[in-house]
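Each chain, letter by letter, is given below.
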Amino acid sequence: MIGVPELTQSQFDTVYNFLSFAIASMLFTAIFLLVSQRRVLPRYRTALVISATVLGIATYHYFRIIESFDAAYNTDAVGGAGIYTLTEGVAFNEAYRYVDWLLTVPLLLVEAVAVLALARSESRRLLVRLVPASALMIALGYPGELAIENGERALWGALSTIPFLYILYVLFVELTKAMDRQPAEVRISVRNLRWLLLACWGFYRIAYMFPMFGFDGADAFVLRQVGYTIADVTAKAVFALVIYKIARLKSFYDDPEFAAQELSKADQGLFREASPAAGKKEVGAS
């Protein structure tokens, strides 16, 4: 997609500011995860590193997106206010989003499995299903994004929906079977992760179908860019913080001494009340 021919000052600023917001959100979430690794046990640090890698990849691509967007539109108005038009010979390269998703979506699923520290065979069984399906979902969606005809767009959208539905099956059925031995709080957090991904990926698919519903032009372009950006921040930065929370919880369950060091006395009491199993391990003992 090369963008729309014209944007108002307000429309241009809205897209630009949201792209800037995404860069700041994901960059500093990645930094937080990297400096917080010692706040979880070593076996869960891989998940945090993968999360930070996802955010680093996304930050890089958002720099490229904002650079491409800024180069694609210009205004001759005095003071920089007025109508922004596409620069002749310069296109807004939205393919950066798909390159980003092709790399980060499989890694999002890898970090979700890694943080659970399942048996190696169980982790492998989930990943060989999730990773290829997620890459296929993105690859099949891209030709439809470039399509001019709605019929072609619908065809590629339908094809990309097949691996999407398979991923949902693995996340909501297969992963649930692997969660039986996880603490209740961890199961709740993983459930929230799954719904978070479903909501974000659901918006991607709705925005993808805008042209098929006749919703096009500058307003649709701005809404799509803002929506994609919010969904990316949610699916990457917010998702990463939930991964961090799960890693912390599992660290506390696995090692009472570590929990005693990390939690205040008041927090230890709340942790024991919420977690009978942890109470039996005498989390507050020093």
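The structure we're discussing is the one just above.
Residues numbered from 1 in each chain as written. Predicted model: local features only at pLDDT ≥ 70, side-chain atom pairs only at ≥ 80, totals over all residues. Heavy atoms only, no water.

In the structure shown here, the tally under the stated rule is 19 aromatic pairs. The interplanar angle of 50° and the centroid separation of 6.5 Å between the aromatic rings of Tyr73 and Phe221 together place this pair among those described as tilted. Here Tyr73, found in strand β2 (residues 73-74), pairs with Phe221, found in helix α7 (residues 218-254); they are 148 residues apart in sequence, far enough to count as distant. The buried category is assigned to Tyr73, whose relative accessible area is 3%. Counting every residue linked through ring pairs, the aromatic cluster contains Phe12, Tyr16, Phe69, Tyr73, Tyr84, Phe92 and Phe221. The lysine or arginine in question, Arg194, covers the ring of Phe172, its NZ or CZ lying 5.2 Å from the ring centre. In this arrangement the basic side chain of Arg205 is found over the ring face of Phe164, its NZ or CZ atom lying 4.8 Å from the centre. (Phe/Tyr/Trp six-rings, centres within 6.5 Å; stacked < 30°, edge-to-face > 60°. Helix = DSSP H or I, 4+ residues; strand = E, 2+ residues; numbered from the N terminus. Buried < 20%, exposed > 50% of the residue type's maximum accessible area, 1.4 Å probe, protein only. Lys NZ or Arg CZ within 6 Å of the ring centre and 35° of its normal.)

Within this structure, the stated rule accounts for ten salt bridges. The closest approach of N and O atoms between Glu174 and Arg125, which form a salt bridge, is 2.9 Å. Remark: Arg125 occurs in helix α4 (residues 120-146) and Glu174 occurs in helix α5 (residues 150-177); sequence separation between them is 49 residues. Overall, the relative accessible area of 10% leaves Glu174 in the buried class. (Salt bridge = Lys/Arg side-chain N within 4 Å of Asp/Glu carboxyl O.)

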